[in-house]
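Architecture at a glance
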Amino acid sequence: MSDKPSVLFVCVHNAGRSQMAAGWLRHLAGDAVEVRSAGSAPAETINPAAVEAMREVGIDITDQIPKLLEYDTVEASDVVITMGCGDVCPVFPGKRYEDWKLDDPAGKGVDAVRPIRDEIKARIEHLLADLLSRYR
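Residues numbered from 1 in each chain as written. Predicted model: local features only at pLDDT ≥ 70, side-chain atom pairs only at ≥ 80, totals over all residues. Heavy atoms only, no water.

1. A word on the confidence of the model for the protein
Test applied: Predictor confidence is given residue by residue as pLDDT, running from a minimum of 0 to a maximum of 100. Put simply, DSSP marks the helices as runs of H or I at least four residues long and the strands as runs of E at least two long, and each gets a number from the N terminus on.
Per-chain confidence: the protein averages 92 in pLDDT, with 93% of residues scoring 70 or above. When pLDDT is averaged over each helix and strand of the protein, the minimum, 91, is found for helix α3 (residues 71-75) and the maximum, 98, for helix α2 (residues 48-56).

2. Observations regarding the side chain of Asn 47
Counted only if it meets this: Identification of polar contacts relies on pairs of N or O atoms within 3.5 Å, with a donor-acceptor requirement for protein atoms, meaning one able to donate a hydrogen and the other able to accept it, and with residues adjacent in sequence counted only if both atoms are side-chain atoms. Contacts between residues were defined by any pair of non-hydrogen atoms, one from each residue, lying within 4.5 Å.
With respect to the element layout, Asn 47 can be found in the loop between β2 (34-39) and α2. There is a polar contact of 2.7 Å between the side chain of Asn 47 and the backbone nitrogen of Ala 49. In contact with Asn 47, not counting residues within four places along its chain, are Ala 15, Gly 16, Pro 105, Ala 106 and Gly 107.

3. Some points on the nonpolar core
Using the following cut-off: Within this scheme, the nonpolar core is defined by two criteria: the residues are buried Ala, Val, Leu, Ile, Met, Phe, Trp, Tyr or Cys, and they are joined through side-chain atoms within 4.5 Å. Only protein chains enter the accessibility calculation, which uses a 1.4 Å probe. A residue is then buried if its area is under 20% of the maximum for its type, exposed if over 50%, and partly exposed in between.
Counting residues in hydrophobic clusters, the biggest one holds 32 residues, and the most contacted among them are Val 7, Phe 9 and Leu 25. Taken together, the elements giving at least two residues each to this core come down to β1 (6-11), α1 (17-29), α2, β3 (79-82) and α4 (110-134). Looking at this core, the element that brings in the most residues is α4, giving seven residues. In this structure, Leu 69, Val 74, Val 80 and Phe 92 belong to the second largest nonpolar core, which totals seven residues.

Dropping the structure here:
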């Protein structure tokens, strides 16, 4: 374990849930946590409703680009949070895995994405408190 934990958020398109989770963790943790996100079948762009929902709470994720999940990225992460990506995520012994059951914001408007955003924030706050207690 290093003195700075790394967290990888994985969903299918890396365009909604995983990008919002990464945005929240970057926002709340600052530089205390290394944050990564990826998708098993990345979209071309981030979901505009996710971008708008995050903008409403002062978090800009417009500079993020959906990325393909790579073996090395999983291997280099301490915690892997999956969000509906099925069995495509490689499993490494000694890594912490969590599967967050969250609605997929794909094709939904910002009104439907706000509750997903807020649920992700609550989960991120819990995760961050746990990480900071373990890595300090």
